[in-house]
Amino acid sequence: MTKQEQVKAIFIEEAGEIIEKLDIDIIRFEENCSDFSLLNEIFRGVHTLKGNANAFNFTRLGEFVHHFEDVLDYYRSTQENIEEHNLELFVGSVDVIKEVMICELDVVDTLPQSYHVCLEKIKNLISIKKNIPACEVEQKESVSELNDLALEFGLGCVEQQQNFINRSIKDAQEMQSEGFDLYKIDLTLDTDCYKRGFDYLLFLNMLVQKAILLESFFNMQGIVEIANFKSDENYIGKVFIVVLTSISTSEVEEIFEFLFDDEYEINLIEPQAIEVKKEEFTKEVVKPSVKVAKAAPQTTMLNVMSSKSTIRIDTLKLDELFDSVGELVIAQNFIAQNEKISSIEDESINRAIETLSKITKKIQDRVMSLRMVAIKDTFDKMRRVVRDTSKKTGKEVHLIVEGEDTEIDKTMIDSLSDPLIHIIRNAIDHGLEFDADERLKAGKSTDGAVTLKAFHKSGSIVISVSDDGRGINKEKVLAKAIERGVISGDENLTDSQIFALIIQPGFSTTENVSDLSGRGVGLDVVKTSIEKLRGKVEIDSKEGEGTTLSMILPLTLAIIDGMLVRTAGEIYIIPTLSIVESFRPEKEIVNVFKEKGEFVSLRGQYIPIMRLSEVFNLNTKRIEPWEGILVCVETEGGRIAILVDELVSRQQVVIKTLGKALSILKEISGGAILGNGDIALILNVEELRPLVKVSHV
């Protein structure tokens, strides 16, 4: 890959992040359109995207974001109230940016129809707000006579020019207080800067947002005669900026990060007076008495101190590092549990092994944390889903977010968006009442509420979506399940088992089918996606009050918390996420039904018994259930009791994928290397489900 290709790859990645953030920020701004600091964030994102797009010749994207930037700049400068239909235009503009970016990357000639429609609306809005005829939005009429810029702004006295700079620095130093830094910035933009989407005034505008004092000095000696002047070329040789601001050096550098290194120089001025070296300056042309709200010094210093240095790392490298640490953990466990080493009565060896164990655990925790990211970004994306679904269904919906700082494995984050989208759409469309009148009759507010929540529970991550709607009608679900042959009708199902029926493929109780309607539409996708992440789905509902659908997930896909059990001398691992309880049954509660198999009666429910020795054809003496241990696990089809000889221990193990030869065994989901070097198979409890009918007393 050439250097140019590497730079382009970085741009594509960063552009994706910018667009993703725009999608989140524009919805937040729509919810609170008086937050002009957020509008500034959106403007900065669009401005950065414009510069990047033009730099890589993505002209169609560059043109669109250029005009969109003009509109944003108008509103953020005037702080004028934004009309509702224009907010809708802003949201639609972000959609167009996403679509056009795809067209640019795929080198597609045809643009989406929304591109031209939205661009025309933006141009019309600019012309109305700025009182410019629409025909002049893109190209203003030329002026018959222009003054010579060098004559208009030039000063011939070098000594006077130096005095301007020295005086500016001195004035700023007198105003300087704790928490504020003084910078002298030299800008020397190339002649093609306009074509790349940059100009001096843009950077001045970005700096002034965070400044309590800003003065600029333009070197105009390079301005050519009007006859030779070209509007798309930069003739300003240099601009010197003196700025007093609360932002850190790294934040100042971030403003100019898309310029070439030789186009800018940032110098931090110490609080004492400093002489400026002689250079050829012209008089100041921008000397605004701009003052912004002065942040408390303590807050500013905390912000500077909390700024972190980050580095981009290929996820494949992280995966390799994690695998290596997994091998290290296995090797350390082998040493710690080796009988020959344990038999050595030497205190120094024991201390060394203990120290190794602590260091290994610390390394494992650190590497684990590298893969953990807050679920906040994923939750933020759901604001757009709620907004669009609300408008499509005509229901007023309020989104409540809790636990957005909960961390989860990065590899799992990417797989959660689709399930969450399906759940939220169903919660709004099918869960919430049809209209405000229906909610008022039920004693509720007219606005529906959807709560998105993440939290830790028993060593797992739970992500739940709750609505305060009608709830699930159990009788209706049962009737539909019997009608479709999902159940026979003589089962005595628990509430959770009844609710679980709605996540069967295509199961829906809605009468009117649409692209959103019915809790069964898309929920089988949720079930499949979550099971791939080794998680499970639980549904709780109360008719008339609402429904909660919870996705229970492991902390990471690389490590599993499991119960080690022994059967016929072999060790197996049962994921603790699936275990309800374990017990040694009394002889009286074990029953055998003709042609149906063995069952254990547990609190009024007959639970089928599954023998691992029979599942894997193990050559062992058959024991009675009351002579062993029953591990009760929850599966999609109900609970089953797995008969094992003994419970060994509960521990976290590093998951290893099986080869092609063993991948055909659906009852096994993977393997793990134990501390003594032995291999244990991880059970897939869903595939252990016996093909028998469950009877109840």
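About the thresholds
Residues numbered from 1 in each chain as written. Predicted model: local features only at pLDDT ≥ 70, side-chain atom pairs only at ≥ 80, totals over all residues. Heavy atoms only, no water. Helix = DSSP H or I, 4+ residues; strand = E, 2+ residues; numbered from the N terminus. Buried < 20%, exposed > 50% of the residue type's maximum accessible area, 1.4 Å probe, protein only. Contact = heavy atoms within 4.5 Å. Areas by Shrake-Rupley, 256 points an atom, 1.4 Å probe, with all protein chains shown as cover. Phe/Tyr/Trp six-rings, centres within 6.5 Å; stacked < 30°, edge-to-face > 60°. 1 Å grid on protein atoms, 1.4 Å probe; cavity = no way out; pocket = protein on both sides within 12 Å on 5 of 7 lines; lining within 4 Å. Points joined across faces, edges and corners; volume = space filled by probe spheres on them. Nonpolar A, V, L, I, M, F, W, Y, C, P; charged D, E, K, R; others polar. Domains from an automatic or database assignment. Pairing = 2+ DSSP bridges. Axes fitted to C-alpha atoms, helices over the stretch in contact; angles between N-to-C directions. Expected span 1.5 Å × (residues − 1). Parallel < 35°, antiparallel > 145°, perpendicular 65-115°, else oblique. Left-handed = near helix turned anticlockwise from the far one by under 90°. Polar contact = N/O pair within 3.5 Å; in protein donor to acceptor, adjacent residues only side chain to side chain. pLDDT = per-residue confidence, 0-100.

Observations concerning the overall build of the protein chain
What the protein chain contains, in helices and strands, is 22 helices and 23 strands. The burial tally for the protein chain puts 43% of its 697 residues in the buried class. Considering only contacts in the protein chain between residues 6 or more positions apart, those separated by 24 or more positions represent 72%. With an accessible surface of roughly 37,300 Å², the protein chain has 50% of that area assigned to carbon and sulfur atoms.

Quick word on the packing of aromatic side chains
Going through the model one piece at a time under the given rule, you end up with 12 aromatic pairs. Measuring from centroid to centroid gives 5.2 Å for F203 and F256, while their planes differ by 35 degrees, and the two rings are tilted. With a gap of 53 residues between them, F203 in helix α8 (residues 200-208) and F256 in the loop between α9 (249-255) and β4 (264-269) connect regions that are remote in the sequence. When its relative accessible area of 2% is taken as the criterion, F203 is described as buried. Centre to centre, the rings of F229 and Y235 are 5.2 Å apart; their planes meet at 45 degrees, and the pair counts as tilted.

Some details on empty space enclosed by the protein
Using the criterion set out here, one finds 3 cavities of 30 Å³ or more in the structure. Taken as a whole, the largest cavity encloses approximately 60 Å³ of empty space. Top element by residues in the lining of the largest cavity is strand β21 (residues 646-654). It accounts for 4 residues. Partitioning the lining of the largest cavity into residue classes produces 6 nonpolar, 4 polar and no charged. Among the domains, domain 3 (315-371) and domain 5 (559-696) are the pair contributing at least three residues each to the lining of the largest cavity. Each pocket or cavity is described by its volume, and for the second largest cavity that value is around 40 Å³. Surrounding the second largest cavity, D70, V71, Y74, Y75, L125, I126, K129 and K130 form its lining. Mapped by element, the contributors of at least two residues to the lining of the second largest cavity are α3 (59-78) and α5 (113-129). Among the elements that make up the lining of the second largest cavity, the one with the highest residue count is α3 (4 residues).

Observations regarding the sheet that holds strand β22 (residues 668-673)
If you walk across this open sheet you meet the 5 strands as β21-β13-β14-β23-β22, and the pairing is mixed. Each end of this open sheet is capped by a strand with a single partner; those strands are β21 and β22. The sheet shows a mean angle of 35 degrees between the axes of neighbouring strands, taken without regard to direction.

Topic: helix α13 (residues 347-371)
For α13, which comprises 25 residues, the first-to-last C-alpha distance of 37 Å matches the rise-based estimate of 36 Å (1.5 Å per residue) to within 8%. Burial in α13 covers these residues: I353, T360, Q364, V367, M368 and R371.

Overview of the sheet that holds strand β18 (residues 605-611)
Strand pairing within a sheet occurs via backbone hydrogen bonds; the two strands may be parallel or antiparallel. Reading across the sheet, the 6 strands line up as β15-β19-β20-β18-β17-β16 and stay open at both edges, with mixed pairing between neighbours. In this open sheet, the two strands that pair with only one neighbour each are β15 (579-583) and β16 (590-593). With direction set aside, neighbouring strand axes in the sheet form an average angle of 35 degrees. Pairing of β18 with strand β20 (residues 638-644), which is carried by 3 bridges, proceeds in the parallel orientation. Counterpart to I609 in the pairing with β20 is A641.

A word on unusual backbone geometry
One non-glycine residue, Q79, lies in positive phi territory at about 55 degrees. Along the chain, Q79 falls in the loop between α3 and α4 (84-105). In this model, N617 sits at a positive phi of 50 degrees, which is unusual for a non-glycine residue. In this structure, N617 sits in the loop between α21 (612-615) and β19 (629-635). The class for N617 is exposed, based on a relative accessible area of 68%.

Structural notes on the packing of α4 against α5
Between α4 and α5, the least distance of the axes is 10 Å, while the angle of their chain directions is 135 degrees. On the basis of the axis angle, α4 is oblique to α5. Considering how the two elements wind past one another, α4 and α5 form a crossing that is left-handed. Along the contact surface, α4 presents N86, L89, G92, S93, V96, E99 and V100, while α5 presents S114, Y115, C118, K121, I122 and L125. Per-class residue counts for the contact of α4 with α5 are 7 nonpolar, 4 polar and 2 charged.

Some thoughts on the environment of R384
Mapped onto the elements, R384 comes out in helix α14 (residues 376-393). The buried category is assigned to R384, whose relative accessible area is 8%. The sequence separation of R384 and V91 amounts to 293 residues, and the corresponding C-alpha distance is 9.5 Å. Here R384 is in contact with D23, I27, V91, D95 and K98, once residues within four sequence places are set aside. Polar contacts involving the side chain of R384 include one to the side chain of D95, which spans 2.3 Å.

Quick word on the environment of K392
Note that K392 resides in helix α14. Note on K392: relative accessible area 55%, which makes it exposed. Put simply, K392 and D429 are 37 residues apart on the chain and 9.1 Å apart in space, counted from C-alpha to C-alpha.

Some details on the confidence of the model for the protein chain
For the protein chain, per-residue confidence averages 79 on the pLDDT scale, and residues scoring 70 or more make up 83% of the total. Model confidence for the protein chain, summarised as mean pLDDT per element, is weakest for helix α10 (residues 297-306) at 36 and strongest for strand β7 (residues 397-402) at 92. pLDDT under 50 marks residues 516-521. Its contacts with residues more than four places away, or in other chains, come to 31 contacts. Between residues 691-697, whose pLDDT stays under 50, and residues either more than four places distant or in other chains, the model counts 15 contacts.

A few points about the pairing of strand β1 (residues 181-187)
Of all 7 residues in β1, 6 are buried, a share of seventy percent or more. Of the pairings in the sheet, the one linking β1 to strand β3 (residues 238-245) comprises 7 bridges and is antiparallel in character. Paired with Y183 across the two strands is V243, which belongs to β3. Across 6 bridges, the pairing between β1 and β4 is antiparallel. Residue pairing across strands places I185 opposite I266, the latter belonging to β4.

Observations concerning the packing of α3 against α5
The interhelical angle for the contact between α3 and α5, taken along N-to-C directions, is 35 degrees, at an axis separation of 10 Å. Considering the relative orientation of α3 and α5, their crossing is left-handed. Contact residues: R60, E63, F64, H67, F68, D70, V71, Y74 and Y75 in α3; Y115, C118, L119, I122, K123, L125, I126 and K129 in α5. Looking at the contact of α3 with α5 residue by residue, the classes come out as 11 nonpolar, 1 polar and 5 charged.

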